[in-house]
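Residue strings, one per chain:
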Amino acid sequence: GNQVRRLTVAYEDFVKAQGPLSGTQLAHLARLEGYAPTQAQLEPWQDKEGISCDDFVGFCKDIGYEDPSFEELASFFVQFDPDNSGRISKKAEDLGCLCAGPGLPSHH
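Just so we're clear, the structure is a prediction, and the values are computed from it rather than from any experiment. Every chain's residues receive numbers from 1 upward, in the order its sequence appears when written. The predicted origin of the model limits local features to residues at a pLDDT of at least 70 and limits the giving and counting of side-chain atom pairs to 80 or more, whereas totals for whole chains, interfaces and linings rest on all residues. Only heavy atoms go into the side-chain values, all of them from the structure, while hydrogens and water stay out.

Draft legend 1. Representation of the packing of helix 1 (residues 2-18) against helix 2 (residues 23-32). Two numbers describe how helix 1 lies on helix 2: the axes approach to 11 Å, and their chain directions differ by 130°. Taken together, the axes of helix 1 and helix 2 lie oblique to each other. Viewed along their axes, helix 1 and helix 2 form a crossing whose handedness is right-handed. Contact with helix 1, carried on its side by Ala10, Tyr11 and Phe14, involves Gln25, His28 and Leu29 of helix 2 and no other residues of that element. Among the residues forming the contact of helix 1 with helix 2, the class breakdown is 4 nonpolar, 2 polar and no charged. Where helices are involved, their axes are fitted lines through C-alpha atoms of the stretch in contact, as for all axes, and angles between N-to-C directions lie from 0 to 180°. Strands here are runs of E lasting at least two residues and helices are runs of H or I lasting at least four, both read from the DSSP assignment and numbered beginning at the N terminus. Just so you know how the angles are binned, under 35 degrees is roughly parallel, over 145 roughly antiparallel, 65 to 115 roughly perpendicular, and the rest oblique. Should the near helix be turned anticlockwise from the far one by less than a right angle, the crossing is termed left-handed; should it be turned clockwise, right-handed. Throughout, a residue-residue contact means that at least one pair of heavy atoms, one from each residue, lies within 4.5 Å. Gly falls in the polar group here, along with every residue not listed as nonpolar (Ala, Val, Leu, Ile, Met, Phe, Trp, Tyr, Cys, Pro) or charged (Asp, Glu, Lys, Arg).

Here's what the structure looks like:
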């Protein structure tokens, strides 16, 4: 599906730019694609070199990833809407509070 294609492209781009994917880079690439592997999930991969695309895709599928629900997204923005107006306050904008944290997936 779409997820496999996206992960395959990410893997191929990475390998083209950086060379073979190692265990230490696996976590980095997975996080770039919006996954949040735990130390326990990464442990078996630590010393691996030349991780294949199939292994990378399988690793990400095993971790699992769910798009945030509307409620989760809305709850994130509550802090920027103290008046509950449905708009982000100018004050929050001025403070430069709007930045994508490491937990938000990047879709490229």
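So much for the structure itself; the text now carries on.
Draft legend 2. Just the confidence of the model for the chain, in detail. Confidence scores labelled pLDDT are given residue by residue by the predictor and lie between 0 and 100. With 77% of its residues at a pLDDT of at least 70, the chain reaches an overall mean of 81. Ranking the helices and strands of the chain by mean pLDDT puts helix 1 first, with 94, and helix 6 (residues 90-94) last, with 61. Predicted confidence is poor over residues 100-104, with pLDDT under 50, and the contacts of this stretch with residues over four places away or in other chains come to 0 contacts.

Draft legend 3. Molecular detail of the pattern of salt bridges. For this analysis, a salt bridge means a side-chain nitrogen from Lys or Arg found within 4 Å of a carboxyl oxygen belonging to Asp or Glu. Applying the stated criterion across every chain, the model contains 1 salt bridge. In this structure, the salt-bridge partner of Arg6 is Glu33, at a minimum N-O distance of 3.0 Å. Here Arg6 is found in helix 1, whereas its partner Glu33 is found in the loop between helix 2 and helix 3 (39-42), with 27 residues between them in sequence.

Draft legend 4. Spatial organisation of the nonpolar core. By convention a nonpolar core is built from buried Ala, Val, Leu, Ile, Met, Phe, Trp, Tyr and Cys residues, the set being connected through side-chain atoms within 4.5 Å. When accessible area is computed with a 1.4 Å probe and restricted to protein chains, residues below 20% of their type maximum are described as buried, those above 50% as exposed, and intermediate ones as partly exposed. Membership of the largest hydrophobic core comes to 19 residues, with the highest contact counts inside it found for Leu21, Leu26, Phe56, Phe59 and Cys60. Contributing elements (two or more residues each) for this core: helix 1, helix 2 and helix 4 (53-63). It is helix 4 that contributes the most residues to this core, 6 residues altogether. Those residues within four positions of Phe56 in sequence are excluded, and the remaining contacts are Leu7, Tyr11, Leu21, Leu26, Leu29, Ala30 and Ile51.

Draft legend 5. Looking closely at the side chain of Ser22. With respect to the element layout, Ser22 can be found in the loop between helix 1 and helix 2. N or O atoms within 3.5 Å of each other form a polar contact, as long as, within protein, one can give a hydrogen and the other can take it, and as long as residues adjacent in sequence are counted only when both atoms are side-chain atoms. Here the side chain of Ser22 touches Thr24 through a polar contact of 3.0 Å, side chain to side chain. Once residues lying within four places of it in the same chain are set aside, the contact partners of Ser22 are Lys48, Glu49 and Ile51.

Draft legend 6. Just the environment of Cys60, in detail. Topologically, Cys60 is positioned in helix 4. Cys60 has contacts with Leu7, Ala30 and Tyr35, leaving out every residue within four places of it along the chain.

Draft legend 7. How the structure looks around a nonpolar patch on the surface. Together, Phe76, Phe77 and Ile88 line one region of the surface with nonpolar side chains, adding up to about 240 Å² of accessible area. Tracing the backbone shows Phe76 in helix 5 (residues 70-77). On the accessibility criterion, Phe76 (35% relative accessible area) is partly exposed. Excluding any residue in a salt bridge, patches collect residues exceeding 30% relative accessible area, merging like charges within 9 Å and nonpolar Val, Leu, Ile, Met, Phe, Trp and Tyr side chains within 5 Å. The method behind every accessible area is Shrake-Rupley, applied with a 1.4 Å probe, and residues are considered shielded solely by the protein chains displayed.

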